[in-house]
Amino acid sequence: MITLGTASAAPGEMDVGRLEVGESRDGGSVGLPVAVINGASSGKTLYMQAASDGDELNGVGVIQRVVPQLDPADISGAILVVGIVNYHAFQVAQHRNPIDDTKMNRAYPGDERGTSSERIAAATFAAARDADLIVDLHQGSTSRMIDEVRVRCGRHHRMHAKCLRLAKTFGCGYVLDQKGPDGQLARAGPDAGIPTIDPELGGCVGWDEESIEKGVRGVHNVLRGYDFLDGDVELKAQTRARGFDQYGSPVGGLVRFKRDLGERVSAGDVVFEVTNVFGTLKARVTADHDGIFWRARRLPQVASGEYVCSVGIDLDTY
Ligand SMILES: [Zn+2]
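Residues numbered from 1 in each chain as written. Predicted model: local features only at pLDDT ≥ 70, side-chain atom pairs only at ≥ 80, totals over all residues. Heavy atoms only, no water.

1. Some details on the coordination of the zinc ion
Six octahedral donors around a metal ideally make angles of 90 or 180 degrees; four tetrahedral donors ideally make 109.5 degrees. Protein coordination of the zinc ion is provided by Asp53 (OD), Glu56 (OE), Glu56 (OE) and His138 (ND1), with donor distances spanning 1.9 to 2.6 Å. Considering all 4 donor atoms around the zinc ion, angles at the metal cover 55 to 147° and the coordination shape is irregular. (Donors = N, O, S within 2.8 Å, 3.2 Å for Na, K, Ca; no water. Tetrahedral: all angles 85-135°; square planar, octahedral: opposite > 155°, others 65-115°.)

So, in structure tokens, the structure goes:
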């Protein structure tokens, strides 16, 4: 029997339920929606979660599609799923947990007697730390961003090669390999000896069909690549960035991009222009280094100093 919260499944069964993480302001219990898929044969355990940031819904779209596609009779091993992690933020379609104004992905591994976010992190990490692999589905919030997979443990970590392998198996085509800030699940997982990736499935308001489909394919690749399901995965070379150049606007006005997401940028190329409302050019911003146009703000209007876009740099393939 495998149990996660109130979901409990014998070999060859699946179940859904709730993982209790405390109480809401009205005194009712708060339970995250969870699923347990217990394969008919033994094997590894995959832990997967979505909506750690409450406005990042593509991962919820992935889980909503993948779970009905899985038949426990065909699976070796177990899959543990938390469908919505940042319960309070999801309710109000915000990025951060409004109870403590914290980003959930800075709260791992959590504290069961801590803040609201730390308690949710602790409850979900308690499930994740029993797994052999962790997939934490994110996206570039509501910005526009390429589909990529992040490895956040840092290149000197003992789990680095295994995390890179998991990212390659997921196979979005792009990988960001850069040590992340403290409190990320993609840091806490490897620290507990578990290969962990943070797929970043585009960026949008609501759902993006293409990004969700890439996520669905990525999860199936992981299931086949780690023997949960029969079949092979053709591992394809991934374009890897080891960091970002982030660009802000030198002036206020309206941004006009000169590159599309995923396009190559050479040092000195114009990345974006800023005009006034009447179309007169105010500034032209050029790339500091070669790279790939990775992420861009959605709204055209900017103040001086405001974030405009990111270029992935220090590139190679692996
Ligand atoms: Zn996120």
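2. Observations regarding the environment of Thr124
In this fold, Thr124 is placed in helix α3 (residues 116–128). Under the relative-accessibility criterion, Thr124 is labelled buried at 0%. In sequence terms Thr124 and Asp198 are 74 residues apart; their C-alpha atoms lie 15 Å from each other. Those residues in contact with Thr124 that lie beyond four places of it in its chain are Leu19, Leu32, Tyr47, Gln49, Val82, Val85 and Tyr108. (Helix = DSSP H or I, 4+ residues; strand = E, 2+ residues; numbered from the N terminus. Buried < 20%, exposed > 50% of the residue type's maximum accessible area, 1.4 Å probe, protein only. Contact = heavy atoms within 4.5 Å.)

3. A word on helix α6 (residues 209–225)
With 17 residues, α6 ought to run about 24 Å at 1.5 Å a step, and its terminal C-alpha atoms sit 24 Å apart, in line with that. Residues of α6 that are buried: Ser211, Ile212, Gly215, Val216, Gly218, Val219, His220, Asn221, Val222 and Leu223. Along its buried surface, α6 packs onto β5 (41–50), α1 (58–69), β6 (76–82), β7 (133–137) and α4 (160–170). Between a side-chain oxygen at the N-terminus of α6 and the backbone nitrogen of Glu210 the separation is 3.1 Å; the capping residue is Asp208. Just downstream of α6 lies Asp227, where phi reads positive at about 70°. (Expected span 1.5 Å × (residues − 1). Polar contact = N/O pair within 3.5 Å; in protein donor to acceptor, adjacent residues only side chain to side chain.)

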